[in-house]
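# An overview of the molecular structure
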Amino acid sequence: MSPPVSRIASDERLPAQADVVVIGGGVIGVSAAYHLARKGHSVALIEKGHVGAEQSSRNWGWCRQQGRARAEIPLAREALRLWETMQEDAGVDTGFRRTGILFLTKDPQELAAWEQWAAIARELQVHSTVLSPAEVATRVPGNTDKWVGGLHTPSDGRAEPSMAVPALATGARKHGVTIHQRCAARGLETQGGRVSGVATEKGTIRTHAVLLAGGAWSSLFCRRHGIALPVGLVNATACRTTPAPDIMDGALGTDLYCIRRRLDGGFTLALRGRGTVELAPDLFRYARTFWPTYLHRRKGLKLSFGKSFFDQMRRGTRWPLDAPSPFEAERVRDPAPDMSLVNGALAALIAANPTLKDLKIAEAWGGTIDCTPDTIPVISPVGAMPGFFLATGFSGHGFGIGPAAGKLAADVVTGDTPLVDPAAYSHQRLIDGRPLAPVGLF
Ligand SMILES: Cc1cc2nc3c(=O)[nH]c(=O)nc-3n(C[C@H](O)[C@H](O)[C@H](O)COP(=O)(O)OP(=O)(O)OC[C@H]3O[C@@H](n4cnc5c(N)ncnc54)[C@H](O)[C@@H]3O)c2cc1C
């Protein structure tokens, strides 16, 4: 079931030409389009379904610096600032509130790792506090579990995924971005090895710069052009509850369940670290690169072999640009939720918080996460094709970082001074075939 997402109108006419074409109307593509337009460039945003309908409206809504890999902390810090300024500029509520994020643990070793992380974060101007059991008790009154401690970042926040990306798109439009929904990009046109246009189902847009922010579809798009992008697809499940008593604001992560307070008074709820990996030919191709990450995360992962394996075989990679492409065949990717995870999450939440005993599930949904081997995104030019850029592979934590990742992508496309050092996000690191391991805490 798709969670509801606010709808925005499309621009009627596809432009014949644009300085930059952005493919993908999720948080990354919309934010990048916004920043490109603010720099004075003409921008067309192309979306095969509708804005925000895939991962960007299905996530938990956590805007988190906490626990990020060292390389991502500066970008996450900038993102929290940009959530505020972009929301104000759009004049439409994204649901963003700085209500803090709290993680709790029963494991002293995990707490020690959090202490080390907090010291690194402090060097990068992010202030997180390691909490004693007594301090935890004051933050989650009524919680009956025995915690050895917690990690709290008051400057972290939350936003409403069903509202946020359409609101940011309204802001992008104010600066001149044209938005084209139900308009799949089928592939790139090139001249002399450089990008010269984008072939869409509604015609071609001539351009010298294309930014692909296609989430779970980016790797397939790249393969059409012989460009390797190692990304594994993981189906995750989340749900929302009925309105809940006021046990906490903000977001709370435990060893089992994770909750985030919603504007409608309920929680967005899920089990931590769970998902189903879709086995597909691409994943076998990149197995060596992914192996360390798989070993690290396998406890929470199921493997699924079936439809997506054969879909990928059937699709091939060489579809013509003047006929319907695989992107038109699935307007909105809408995997079924795993109800065993939904029921398990509710049971764990109520067991630890008896005051929530009357809570019910109001809605559950699935979403497909695009995971790179080191769980760090790619925000980078593609060396093999001048004029082609990537902002993708956000590995389950791209929503909160989205406004700044879009700004960095815009800087990379235009060659301006980057918001933060983009070295950690290079495409090249993923294609030299070395095994890579995840580097964040969560
Ligand atoms: C259950 C779940 C929980 C999560 N929780 C969090 C969280 O709490 N915090 C956090 O930071 N992150 C979270 N994430 C991850 C976060 O949602 C994603 O990292 C982020 O939304 C990725 O944004 P995106 O723009 O790259 O991709 P998407 O939002 O998936 O957007 C990509 C868009 O590109 C379009 N597209 C693709 N190919 C084409 C084409 N050829 N032509 C036209 N359009 C195309 C698609 O239709 C889609 O709309 C979660 C994800 C899930 C699934």
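What counts, and at which threshold
- Residues numbered from 1 in each chain as written.
- Predicted model: local features only at pLDDT ≥ 70, side-chain atom pairs only at ≥ 80, totals over all residues.
- Heavy atoms only, no water.
- Phe/Tyr/Trp six-rings, centres within 6.5 Å; stacked < 30°, edge-to-face > 60°.
- Helix = DSSP H or I, 4+ residues; strand = E, 2+ residues; numbered from the N terminus.
- Buried < 20%, exposed > 50% of the residue type's maximum accessible area, 1.4 Å probe, protein only.
- Lys NZ or Arg CZ within 6 Å of the ring centre and 35° of its normal.
- Core = buried A, V, L, I, M, F, W, Y, C linked by side-chain atoms within 4.5 Å.
- Contact = heavy atoms within 4.5 Å.
- Near = heavy atom within 4 Å.
- Polar contact = N/O pair within 3.5 Å; in protein donor to acceptor, adjacent residues only side chain to side chain.
- Areas by Shrake-Rupley, 256 points an atom, 1.4 Å probe, with all protein chains shown as cover.
- Nonpolar A, V, L, I, M, F, W, Y, C, P; charged D, E, K, R; others polar.
- Patch = residues over 30% accessible without salt bridge, like charges linked within 9 Å, V, L, I, M, F, W, Y side chains within 5 Å.
- Salt bridge = Lys/Arg side-chain N within 4 Å of Asp/Glu carboxyl O.
- Lys, Arg positive; Asp, Glu negative; His and termini not counted.
- Pairing = 2+ DSSP bridges.
- Axes fitted to C-alpha atoms, helices over the stretch in contact; angles between N-to-C directions.

Attention now goes to the packing of aromatic side chains. For the structure on display, the rule yields 16 aromatic pairs. When the centroid spacing of 5.6 Å and the interplanar angle of 35° are considered together, the rings of Trp291 and Tyr294 count as tilted. Residue Trp291 and its partner Tyr294 are located together in helix α9 (residues 287-297), separated by 3 residues, close to a single helical turn. The exposure class of Tyr294 is partly exposed, given its relative accessible area of 27%. When the ring of Phe305 is compared with that of Phe309, the centres are 4.9 Å apart and the planes differ by 50°; the resulting orientation is tilted. The exposure class assigned to Phe305 is exposed, which follows from its relative accessible area of 53%. Accessibility expressed as a relative area gives 13% for Phe309, which makes it buried. An aromatic cluster of at least three residues, connected via ring pairs, comprises Trp60, Trp62, Phe103, Trp114 and Phe442. Above the face of the Trp147 ring, Lys106 is positioned so that its terminal group lies 4.9 Å from the ring centre.

With 51 residues, the main nonpolar core has Val22, Leu75, Trp83, Val177, Leu211 and Ile379 as its most contacted residues. Among the elements of the structure, β1 (20-23), α1 (27-38), β2 (43-46), α3 (73-90), α6 (161-174), β21 (388-392) and α13 (402-414) are those that each provide at least two residues to this core. Once residues lying within four places of it in the same chain are set aside, the contact partners of Leu75 are Ile379, Ile401, Ala404, Ala405, Leu408, Leu419, Val420 and Tyr425. One finds Ile23, Cys183, Val382 and Leu430 within the second-largest nonpolar core, a separate group that totals 32 residues.

The immediate surroundings of the ligand are formed by 35 residues, with Glu47, Ser56, Trp62, Gly398 and Gly400 found nearest. Note that a nitrogen atom of the ligand is positioned 2.9 Å from one of the backbone N or O atoms of Ala185. Coverage of the ligand by the protein amounts to 98% of the 1000 Å² it exposes when considered alone. For the shell around the ligand, the elements supplying multiple residues, two or more each, are α1, α2 (55-58) and β19 (361-371). If one sorts the elements of the shell around the ligand by residue count, α2 sits on top with 3 residues. Here the residues of the shell around the ligand are counted per class, giving 17 nonpolar, 14 polar and 4 charged.

Looking now at a nonpolar patch on the surface. The grouping of Phe305, Phe310 and Met313 at the surface amounts to a nonpolar patch, some 350 Å² of accessible area in total. Tracing the backbone through its elements, the reader meets Met313 in helix α10 (residues 307-315).

Examined against the element boundaries, Arg224 turns out to sit in the loop between α7 (218-223) and β13 (232-241). Buried charge without a partner: Arg224 forms no salt bridge, and the closest opposite charge is Asp322, 8.0 Å away. In this structure the side chain of Arg224 is engaged in a polar contact, spanning 2.7 Å, whose partner is the backbone oxygen of Trp319.

The pairing of strands in a sheet comes from backbone hydrogen bonds and takes either a parallel or an antiparallel form. Across the sheet, which stays open at both edges, the 6 strands sit in the order β8-β2-β1-β12-β21-β20 with mixed pairing between neighbours. Each having just a single partner strand, β8 (178-180) and β20 (378-381) make up the two edges of the open sheet. The average angle at which neighbouring strand axes cross in this sheet is 15°, direction not considered. Across 4 bridges, β1 lies against β2 in parallel orientation. When the sheet's bridge partners are listed, Val20 is paired in β2 with Val43. In the packing of α13 onto the sheet, contacts are made with β1, β12 (210-212), β20 and β21, and the angle to β20 comes to roughly 10°.

Excluding glycine, residues mostly carry a negative phi; peptide bonds, for their part, are mostly trans. Positive phi values are uncommon outside glycine, yet Arg182 reaches one of about 45°. Locating Arg182 in the fold gives a position in the loop between β8 and β9 (185-191). Look at Thr375: it is not a glycine, yet its phi comes out positive at around 60°. Counting through the fold element by element, Thr375 comes out in the loop between β19 and β20.

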